[in-house]
Amino acid sequence: MPRFHCPTPLRSGDELDLPPGAARHVQVLRLQPGDGITLFEGRAGEGFSGGEFDATVLRMGRSDVSVRVGAHHAIEREALRPVHLLAGITANERMDWLVEKAAELGAASITPLVAERSVLKLKGDRAEKKLAHWQAVAVSACEQCMRNRVPPVHGAADLAAWLDRGAAALPPGTRRLLLSLGEGTRPLAEVMDDAAEDLPVVFLSGPEGGLSSAEEALARSQGFIPVTLGARVLRAETAPLAALAALTLV
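Reference entry: report on the structure contained in this document.

Rules behind the numbers
Residues numbered from 1 in each chain as written. Predicted model: local features only at pLDDT ≥ 70, side-chain atom pairs only at ≥ 80, totals over all residues. Heavy atoms only, no water. Axes fitted to C-alpha atoms, helices over the stretch in contact; angles between N-to-C directions. Helix = DSSP H or I, 4+ residues; strand = E, 2+ residues; numbered from the N terminus. Parallel < 35°, antiparallel > 145°, perpendicular 65-115°, else oblique. Left-handed = near helix turned anticlockwise from the far one by under 90°. Contact = heavy atoms within 4.5 Å. Nonpolar A, V, L, I, M, F, W, Y, C, P; charged D, E, K, R; others polar. Expected span 1.5 Å × (residues − 1). Buried < 20%, exposed > 50% of the residue type's maximum accessible area, 1.4 Å probe, protein only. Arc of directions from axis to C-beta.

Interhelical geometry of helix H2 (residues 94–105) versus helix H3 (residues 124–145) gives an angle of 40° and a closest axis separation of 8 Å. Classed by the angle they form, the pair H2 and H3 counts as oblique. Handedness of the H2/H3 crossing: right-handed. Contact residues: H2 offers Met 95, Asp 96, Val 99, Glu 100, Ala 103 and Glu 104, while H3 offers His 133, Trp 134, Val 137, Ala 138, Ala 141, Cys 142, Gln 144 and Cys 145. Across the contact of H2 with H3, the residue classes break down as 9 nonpolar, 2 polar and 3 charged.

Here is the structure:
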């Protein structure tokens, strides 16, 4: 059954118009009145129910679609361990791919890192448009992979700014990991060997060329543990996904 993100509080029995993005997808699929779909709000709390809802198409307009919300199913498909990615912004469409796959693999949140060696620099309107685009990529990935919670894609920030503001939003006890080619690294599995299965993690990785020595030194000074994923050097968009899979697919 087709699934659509509907980022408004849903209640069984309600009749409502789908948001524009979902309405367009329904029309592209040529669904008709009486057809069934699945809706999910994308988050829980603050008036949101979480899980997913059955729904039935009531009316197809030129640019709008009305539905009746049916039964609620308290189904969540989240990873036991919340993993927050702090990933260097990569060039071209590689960041889109990273965001898409991170959402599929269960990332709890994604923060694009404006690193010293980032090729793509974002400011002003361009930054806002990119952020909206990446959030839409995450939504689409969740519709496909059946996640009922959409990971937030936070505003792009450099490492110092994230340490000042973003770090404070992490749950107490969150383990900080830094992907590094420097000295003193330990295998990821070894570092996580003593960790509870639900221990939150923030995983920091750089863009093409990695983090600068100053950025890595700053991260280490703030409690990030340098880890390695093995002998091979992975691409900037591959490495955080490999770590995410190792941390969540347990």
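Additional details are given in the paragraphs that follow.
What follows is about H2. Its 12 residues give H2 an end-to-end C-alpha distance of 16 Å, which sits within 8% of 16 Å, the value for a rise of 1.5 Å per residue. All buried positions along H2 are accounted for by Met 95, Asp 96, Leu 98, Val 99, Ala 102 and Ala 103. Viewed along the axis of H2, the buried residues span an arc of 165°, placing them on a single side of the element. In this structure, the buried residues of H2 make contact with strand S8 (83–88), strand S9 (109–113), H3 and helix H7 (239–248). One or two residues past the end of H2 sits Gly 106, with phi positive at roughly 105°.

All right, on to unusual backbone geometry then. Notably, Arg 30 is not glycine yet its phi reads approximately 60°, a positive angle. With respect to the secondary-structure elements, Arg 30 resides in the loop between helix H1 (20–28) and strand S3 (36–40). Unlike most non-glycine residues, Met 146 shows phi in positive territory, near 75°. By the secondary structure assignment, Met 146 is in the loop between H3 and helix H4 (159–164).

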